[in-house]
Amino acid sequence: MQPWWEPEPPQQPDQHTLSESSQSAASPILESRNDDKVSRLLLPLSLLAPFTENSTASGFFPVGYYCTVCGRINVQRFLRHRVCEGTACDSRTDPQRETGWVISVFSTRDRKLNSATVVPDDKWIAPTTAEPSTAFDNGARLFHYHLAVYDSGPSVTPSNVLSSGSAGTVDVRHVFNGNRDLLQGDASALFETLQRDVRIERSIGTSVFVTPPIKSGDDPALGRNGQSVWDQQAAFIESALSTYCRDLGPLKVRALRVHAWISVGKHIQTFSPGTKHLVLLCLGADIAFLSLPSNPNVKLNGKPRRECLRVTMVHGDIVVLSGSQFKFSTIRTGMCMLLEAECN
Ligand SMILES: [Zn+2]
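Computed from a predicted structure; not experimentally measured. (Residues numbered from 1 in each chain as written. Predicted model: local features only at pLDDT ≥ 70, side-chain atom pairs only at ≥ 80, totals over all residues. Heavy atoms only, no water.)

J.: How do you make sense of the environment of Asp-231 when you look at a structure like this?
T.: Along the chain, Asp-231 turns up in helix 7 (residues 226-244). Since its relative accessible area comes to 39%, Asp-231 is described here as partly exposed. Measuring from C-alpha to C-alpha, the distance between Asp-231 and Gly-217 comes to 7.4 Å, with 14 residues separating the pair along the chain. (Helix = DSSP H or I, 4+ residues; strand = E, 2+ residues; numbered from the N terminus. Buried < 20%, exposed > 50% of the residue type's maximum accessible area, 1.4 Å probe, protein only.)

J.: I tried to follow the sheet that holds strand 13 (residues 287-292) on my own but got confused; where do I start?
T.: Think of a sheet as strands paired side by side through backbone hydrogen bonds, with each pair either parallel or antiparallel. Pairing within the open sheet is antiparallel, and its five strands lie in the order 3-16-13-18-11. This sheet does not close on itself; its edge strands, each paired only once, are strand 3 (123-124) and strand 11 (265-271). In this sheet, strand 16 (residues 309-313) lies alongside strand 3 in antiparallel orientation, the contact comprising two bridges. Pairing of Lys-123 across the sheet is with Arg-310, part of strand 16. (Pairing = 2+ DSSP bridges.)

J.: Any chance you could explain the coordination of the zinc ion here in plain terms?
T.: Put simply, a metal with four donors set out as a tetrahedron has ideal angles of 109.5 degrees, and one with six donors set out as an octahedron has ideal angles of 90 or 180 degrees. Protein-derived ligands of the zinc ion are Cys-67 (SG), Cys-70 (SG), Cys-84 (SG) and Cys-89 (SG), with the metal-ligand distances lying across 2.2 to 2.4 Å. Angles of 101 to 113° at the metal separate the four donor atoms of the zinc ion, which places the site in the tetrahedral class. Site description for the zinc ion: donor spacing in sequence, C-x2-C-x13-C-x4-C. Across the pair, Cys-70 and Cys-67 agree in class, each one buried. (Donors = N, O, S within 2.8 Å, 3.2 Å for Na, K, Ca; no water. Tetrahedral: all angles 85-135°; square planar, octahedral: opposite > 155°, others 65-115°.)

Below, the structure written as structure tokens:
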């Protein structure tokens, strides 16, 4: 096959008749194979490396790869899949490429830090308030915080905000599973399904891999097992809400989105749930969730506002956000995914 950066070879004028073409057919093919070997030797080794758990274990993630089927050099767009972008490439119809490779959740977590515990590493300061936690028979616990949100005016205090009505509140519910293996089984299975079946893509120059918002099991982003992948995600979220957040009433998942990262770092997001609730499920390494002022110019009692709630989610934990618009950042401690579900 011809690499894309080399000019087309001149056509052989004597290949028109059957007898001549049968004689000369062998040599161009051999030549092209030799060219292929030579051009591969000129490529950086990283483009030829296999794409597996072992080749990425040291924290290295390939930026691109050489397609051995058609000779095209592709950008490595997906978290776990390789799909050649050559329009005529035979590998595009290969069903094997629909299956991404998978790492288990244990290889993403720090074994020293994931022992079972009763209290999560959550911190808050006024004006955030916390309700007494609720314990469930299976060992899970619900922590419920009320976060005041100040969005207007150059300087506000809690009292004048409340009287002028310019503040909203955001309810943050943290369902903490205490790192109990029994409560994390479904999350571990979902972590593997998402890697295997869903093409989670990143844009060039960014560190986050993300799917578009998925609104049903027919979405092509869910891959060949579409409906069952949707059902597995929706069942997890709806079952957690009906078990731990009954006060919200019966809720259905309306849209799903998967974010994934391969290493430690920070990510900032804004959300405005309105009549909906936003559910975040942590899969893989721990993720700290921090509330941020949605308008950084607003001061509280003359001081710039900083985050006033920090929630640390362990693998399988969910955070439910309800209320007006606000901004949050997530700090991740390793390879992890955040499943975002809109529910109402
Ligand atoms: Zn190809």
